Amino acid sequence: MSVEKYTEAENQLLTGLSSSYRAELIGCCSHVQLAFASSLAEPGDRIRYVYFPTAGFISLVAKLDDRSQLEVGIIGDEGMLGSSVMVGGHVCAQRAIVQAGGSALRMKANLFEQHCQRHLELRRTVGRYIDVTMNQLAQTAACTGYHPIEGRLARWLLMSRDRVHSQKLHLTQEFLAYMLGVRRVGVTAAAQALQDRGLVTYSRGNIRIVNTAGLERASCACYVQGKKMYEQTMRKTRSFG
């Protein structure tokens, strides 16, 4: 990753902070480019940096056994990677992989922890983010266990679209398979079904959303519920000037 100084916040979590403190916090960060498919953390690694994505997104992937993996979280410009540092969690629990290349504000984990100890508004903001991500994790677990593949694929495509701010996505079948917790044949069938309904076009990992409203209707209810969960929890943070 290339590194340069960054002076503007383009991360929604940071925009919830007061303007004066936001400038101070960003002054302690570097701007890094996140390369597609690069690993930012592996299970068992000590957390050295926290990341506030400003473009693209990061997937959190849990390894179930020697062959199976399952995506359990997604982080874009609405959140951060490494929030557990605030509550004393210094070891990575999941693999963090860049699924859509972009950029982020990066801060040393020990410096971030010091900021959390000194600044109440940062603790409140990150605390609310931890709360909402834990609730979304529980919802994702239930979604994976009970909702049809097609609806879950539609949900995940919309979540990805929201974070890259584009109707065009590039997602390999392999990644979609462990994101949904199914075999590749299941991914192919679900993607084909969405394409047959005129909601997306899909070819060799290139997906384009052509009917957003229709895709939202095809998605399981977890998409809307997840967005509401974030807004209702994080809205309190916007009270800072």
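Residues numbered from 1 in each chain as written. Predicted model: local features only at pLDDT ≥ 70, side-chain atom pairs only at ≥ 80, totals over all residues. Heavy atoms only, no water.

**Remarks on the overall build of the chain**
So, step 1. Regarding its fold elements, the chain presents nine helices and nine strands.
So, step 2. Relative to the 2.2 N^0.38 estimate, which gives 18 Å for 241 residues, the radius of gyration of the chain is 18 Å and therefore close to what a compact globule would have.
So, step 3. Over its C-alpha atoms, taken along the principal directions, the chain stretches across nearly 55 × 40 × 30 Å.
So, step 4. Looking at the chain as a whole, 47% of its 241 residues qualify as buried.
So, step 5. Sequence-distant contacts in the chain: of pairs separated by 6 or more residues, those separated by 24 or more amount to 75%.
So, step 6. Just so you have it, the chain exposes about 11,700 Å², and 50% of that area is on carbon and sulfur atoms.
So, step 7. On the chain, the mean spot of the 29 positive side-chain charges and the mean spot of the 20 negative ones are 2 Å from each other. (Helix = DSSP H or I, 4+ residues; strand = E, 2+ residues; numbered from the N terminus. Rg over C-alpha atoms; globule rule 2.2 N^0.38 Å. Buried < 20%, exposed > 50% of the residue type's maximum accessible area, 1.4 Å probe, protein only. Contact = heavy atoms within 4.5 Å. Areas by Shrake-Rupley, 256 points an atom, 1.4 Å probe, with all protein chains shown as cover. Lys, Arg positive; Asp, Glu negative; His and termini not counted. Charge placed at Lys NZ, Arg CZ, Asp CG, Glu CD.)

**Considering the pattern of salt bridges**
Any two side chains of opposite charge can pair, on the condition that their charged atoms come close.
So, step 1. Counted by the stated rule, this structure contains five salt bridges.
So, step 2. Salt-bridge contacts for Arg 197 lead to Glu 150; the nearest nitrogen and oxygen are separated by 2.5 Å. Linking Arg 197 in the loop between helix H7 (184-196) and strand S8 (200-203) with Glu 150 in helix H5 (residues 149-164), this pair joins segments that are 47 residues apart in sequence.
So, step 3. You can call Arg 197 partly exposed: its relative accessible area is 49%.
So, step 4. Arg 161 serves as the salt-bridge partner of Glu 216, at 4.0 Å between the closest nitrogen and oxygen. Taken together, the residues Glu 216 in helix H8 (residues 212-218) and Arg 161 in helix H5 connect sequence positions 55 residues apart.
So, step 5. On the basis of relative accessibility, which here comes to 36%, the residue Glu 216 falls in the partly exposed class.
So, step 6. For Arg 161, a relative accessible area of 13% corresponds to the buried category.
So, step 7. One network of salt bridges, with partners in common, ties together Arg 161, Asp 162 and Glu 216. (Salt bridge = Lys/Arg side-chain N within 4 Å of Asp/Glu carboxyl O.)

**Let's talk about the environment of Ser 160**
So, step 1. Among the structural elements, Ser 160 can be located in helix H5.
So, step 2. Here the alpha-carbon distance between Ser 160 and Arg 123, two residues 37 residues apart in the chain, equals 27 Å.
So, step 3. Sequence-distant contacts of Ser 160, defined by excluding residues within four places in its chain, comprise Phe 57, Ile 74 and Leu 169.

**Some details on the sheet that holds strand S9 (residues 206-209)**
So, step 1. One open sheet holds the three strands; their spatial order is S7-S9-S8, and the pairing between them is antiparallel. Of all strands in the sheet, those with a lone pairing partner are strand S7 (168-170) and S8, marking the two edges. Each strand of the sheet is rotated relative to its neighbour by a mean of 15°, with strand direction disregarded.
So, step 2. Of the pairings in the sheet, the one linking S8 to S9 comprises four bridges and is antiparallel in character. Across the sheet, residue Ser 203 finds its bridge partner in S9, namely Asn 206. (Pairing = 2+ DSSP bridges. Axes fitted to C-alpha atoms, helices over the stretch in contact; angles between N-to-C directions.)

**Quick word on the packing of aromatic side chains**
Describing an aromatic ring pair means giving the distance of the ring centres and the angle of the ring planes.
So, step 1. Scanning the model with the defined rule gives two aromatic pairs in all.
So, step 2. When the centroid spacing of 6.2 Å and the interplanar angle of 65° are considered together, the rings of Phe 52 and Phe 112 count as edge-to-face. Taken together, the positions of Phe 52 in strand S4 (residues 49-63) and Phe 112 in helix H3 (residues 109-118) put the pair 60 residues apart, joining distant regions of the chain. Just as Phe 52 is buried, Phe 112 falls in that class too.
So, step 3. Where Phe 57 meets Trp 156, the ring centres are 5.9 Å apart and the plane angle is 75°; that geometry is what we call edge-to-face. (Phe/Tyr/Trp six-rings, centres within 6.5 Å; stacked < 30°, edge-to-face > 60°.)

**Quick look at unusual backbone geometry**
So, step 1. Located in the positive-phi region is Ala 37, a residue other than glycine, with phi close to 75°.
So, step 2. Relative to the assigned elements, Ala 37 resides in the loop between strand S2 (30-34) and strand S3 (39-41).
So, step 3. Taking relative accessible area as the criterion, Ala 37 reaches 41% and is therefore assigned partly exposed.
So, step 4. With phi around 55°, His 165 is a residue other than glycine that occupies positive phi space.
So, step 5. Position of His 165 among the secondary structure elements: in the loop between H5 and S7.

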